[in-house]
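Structure at a glance
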Amino acid sequence: APMEPWSCTVRPNADGTLEIWGPFQAQDRALTTAAAVAKVPVEKIRLRTLTLGGGFGRRLGDDGVPPAVAVALAVRQPVKFFWSREDEFARGWYRPAQAARLRASIGADGTLLALHTRVAGPSLRAEFSPAGIKPGEVDGASVQNLAEARYRIEAHRIDYALRHFAIPVAPWRSVGATHNAFFLECFLDEVAQATSQDPVALRRALLAHDARALRVVDTAADAAGWSHAPAKGVARGFAYFECYGSLCAQVAEVTLRDGRPRVLRVVVALDCGDVILPDQARAQVEGGVIQGLSTALHEAVTIADGAAVERNFDRYRLLAMADAPPRIDVHFVRSGEPLGGVGEPPVPLVIPAVANALSRLTGRRIRELPILKA
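Residues numbered from 1 in each chain as written. Predicted model: local features only at pLDDT ≥ 70, side-chain atom pairs only at ≥ 80, totals over all residues. Heavy atoms only, no water.

1. Some details on the overall build of the protein chain
Scanning the protein chain from N- to C-terminus turns up nine helices and 13 strands. With 374 residues in all, the protein chain has 51% of them scored as buried. In the protein chain, of all internal contacts separated by at least 6 residues, the share reaching a separation of at least 24 is 71%. Carbon together with sulfur atoms contributes 52% to the accessible area of the protein chain, which is approximately 17600 Å² in total. One finds the centroid of the 44 positive side-chain charges in the protein chain at a distance of 3 Å from the centroid of its 40 negative side-chain charges. (Helix = DSSP H or I, 4+ residues; strand = E, 2+ residues; numbered from the N terminus. Buried < 20%, exposed > 50% of the residue type's maximum accessible area, 1.4 Å probe, protein only. Contact = heavy atoms within 4.5 Å. Areas by Shrake-Rupley, 256 points an atom, 1.4 Å probe, with all protein chains shown as cover. Lys, Arg positive; Asp, Glu negative; His and termini not counted. Charge placed at Lys NZ, Arg CZ, Asp CG, Glu CD.)

See the structure below:
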């Protein structure tokens, strides 16, 4: 749901070349598509990339290019082609719905001995990638960062069940890490509760072999004052996950006001190797937390009778400024390891962190998103 619906401008020239202006994330894809529609070599297309009015994966597609090129060639004049907001909601791309079932084997001393994770949903590769997915292949986005988790569990089986829906799906910011962090980190909190363990202590035990990961976990927990009880009516939730080459941990402090969740503070510890531009890196983390919180609490498109119910921002709710956390504390852990991502890793963690805090606050486990819609 980028703030700017799809738009691009095409100018056909007398020499058979085409100039195209647009907010592209995948230039090669747009070039190839434009050339195919115009029936000219790719060298005849000149692409000018504009600043994106919000992208987060939406601009990886090229669905706005063919009609713009076709109309411009038909009228032999420059054409600005754009979608209405209602078109964008009804005919755009959607974040793929995913479900998971997790089972654990617990030792007599509370040790997590085995974990079975089964993820089901549509394939991004089958829907969005030109190469598609071959029979029997596992869609990487659907199980993203589960096998790479640093948690040491002696037996961890990961299954993927392809479930195709007639709804076009495409990558969203952080891609598969968003749902997999929710699945894994909320389940680990349930394991902690079932074994009467502190959630951070459980994760520290699973990461005891990895000093780098422990430093990230400890940085977030210490900065949030995890060892001290929060104020009355406030609960803390913890989450740790690794994606895009970076390790991240978050603590969310949540309360209820008039029966609705209010996030008071989010503490972030991020190890992305090193930080080159601190201000921009901090802004990326803060923005990722806000966007993750928005999707955790509110954002969803409902498909009914073959169409999207939400067609504009009157029904598709975004996080309002008044509901944003008053504090987002960002702590960079400079490990000196190879540089990792900054824009993607903060997004997934706030979702389970808030869900875990609400579960502690209300005694009810959250297993469906968005939280307020569920």
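2. Quick word on the pairing of strand 3 (residues 45–49)
By the bridge criterion, five bridges tie strand 2 (residues 18–22) to strand 3 in an arrangement that is parallel. Residue pairing in the sheet places Glu-19 in a bridge with Arg-46 of strand 3. In this view, the connection linking strand 2 to its parallel neighbour strand 3 by way of helix 1 (residues 27–38) has right-handed handedness. (Pairing = 2+ DSSP bridges. Right-handed = clockwise from strand over helix to strand, strands pointing away.)

3. So, the nonpolar core
Tyr-151, Phe-238, Tyr-240 and Val-354 are the most contacted members of the largest nonpolar core, which totals 73 residues. For this core, the element with the most residues is helix 5 (residues 177–194), which contributes 10 residues. Residues within four places of Phe-238 in sequence aside, it is in contact with Asp-189, Val-200, Arg-203, Val-217, Ala-220, Ala-221, Trp-226, Ala-249, Gln-250, Val-251, Ala-353 and Asn-356. (Core = buried A, V, L, I, M, F, W, Y, C linked by side-chain atoms within 4.5 Å.)

4. Digging into the packing of aromatic side chains
Summed over the entire model, instances satisfying the criterion amount to eight aromatic pairs. Between Trp-226 and Phe-238, the aromatic rings sit 5.9 Å apart at their centres with planes inclined by 70°, giving edge-to-face as the arrangement. Of this pair, Trp-226 sits in the loop between helix 7 (211–224) and strand 8 (234–243) while Phe-238 sits in strand 8, placing them 12 residues apart in sequence. For the pair formed by Trp-226 and Phe-238, the shared burial category is buried. Put simply, the rings of Phe-89, Phe-313 and Tyr-316 pair up and form one aromatic cluster. Note that Arg-29 overlies the ring of Phe-128, its terminal NZ or CZ placed 4.3 Å from the centroid. For the cation-ring pair, Arg-58 lies above Trp-83, with the distance from its terminal atom to the ring centre recorded as 5.4 Å. (Phe/Tyr/Trp six-rings, centres within 6.5 Å; stacked < 30°, edge-to-face > 60°. Lys NZ or Arg CZ within 6 Å of the ring centre and 35° of its normal.)

5. Observations concerning the environment of Ala-155
Its place among the elements puts Ala-155 in strand 7 (residues 155–162). Residue class for Ala-155 comes out partly exposed when judged on its relative accessible area of 38%. Sequence separation between Ala-155 and Leu-112 is 43 residues, and the spatial gap between their C-alpha atoms is 9.5 Å. Residue contacts for Ala-155: discarding those within four places in its chain leaves Leu-113, Ala-114 and Leu-115.

6. Describing the sheet that holds strand 3
Strand order in the open sheet formed by four strands is 3-2-1-4, and the pairing between neighbours is mixed. Each edge of the open sheet is held by one strand with a lone partner, namely strand 3 and strand 4 (79–82). Adjacent strand axes in the sheet meet at a mean angle of 20°, parallel and antiparallel pairs treated alike. Sheet analysis places strand 1 (residues 7–12) next to strand 2, joined by four bridges and oriented antiparallel. Across the sheet, residue Val-10 finds its bridge partner in strand 2, namely Ile-20. Running at roughly 30° to strand 1, helix 2 (residues 65–75) makes contact with strand 1, strand 2 and strand 4 of the sheet. (Axes fitted to C-alpha atoms, helices over the stretch in contact; angles between N-to-C directions.)

7. Comments concerning the layout of surface pockets
Empty space within the largest pocket amounts to approximately 1500 Å³. The wall of the largest pocket is formed by 49 residues, among which Arg-95, Thr-295, Glu-299, Ala-300 and Tyr-316 lie closest to the centre. Residue contributions to the lining of the largest pocket peak at five residues, all from helix 8 (residues 278–297). A breakdown of the residues in the lining of the largest pocket according to their chemical character gives 28 nonpolar, 13 polar and eight charged. Put simply, the second largest pocket is a space of about 330 Å³. Lining the second largest pocket are 13 residues, with Leu-358, Thr-362, Arg-364, Ile-366 and Ile-371 sitting closest to its centre. Taken together, the residues of the lining of the second largest pocket sort by class into seven nonpolar, two polar and four charged. (1 Å grid on protein atoms, 1.4 Å probe; cavity = no way out; pocket = protein on both sides within 12 Å on 5 of 7 lines; lining within 4 Å. Points joined across faces, edges and corners; volume = space filled by probe spheres on them. Nonpolar A, V, L, I, M, F, W, Y, C, P; charged D, E, K, R; others polar.)

8. Let's talk about the sheet that holds strand 9 (residues 246–257)
Spatial ordering of the open sheet is given by 8-9-10-13, a layout of four strands whose pairing is mixed. Single-partner strands in this sheet number two, and they are strand 8 and strand 13 (327–332). If you compare each strand with its neighbour and ignore which way they point, the axes differ by 15° on average. Where strand 8 meets strand 9, 10 bridges bridge the pair, whose relative direction is antiparallel. For Tyr-240, the partnering residue across the bridge sits in strand 9 and is Ala-249.

9. Quick notes on the pairing of strand 6 (residues 112–121)
Bridging between strand 5 (residues 99–106) and strand 6 involves eight bridges; their strand directions are antiparallel. Bridged to Arg-101 within strand 6 is Arg-118. Connecting the antiparallel pair strand 5 and strand 6 is a turn made up of five residues, with Gly-110 showing a positive phi of about 90°. Where strand 6 meets strand 7, eight bridges bridge the pair, whose relative direction is parallel. Residue pairing for strand 7: His-116 is matched across the bridge by Arg-157.

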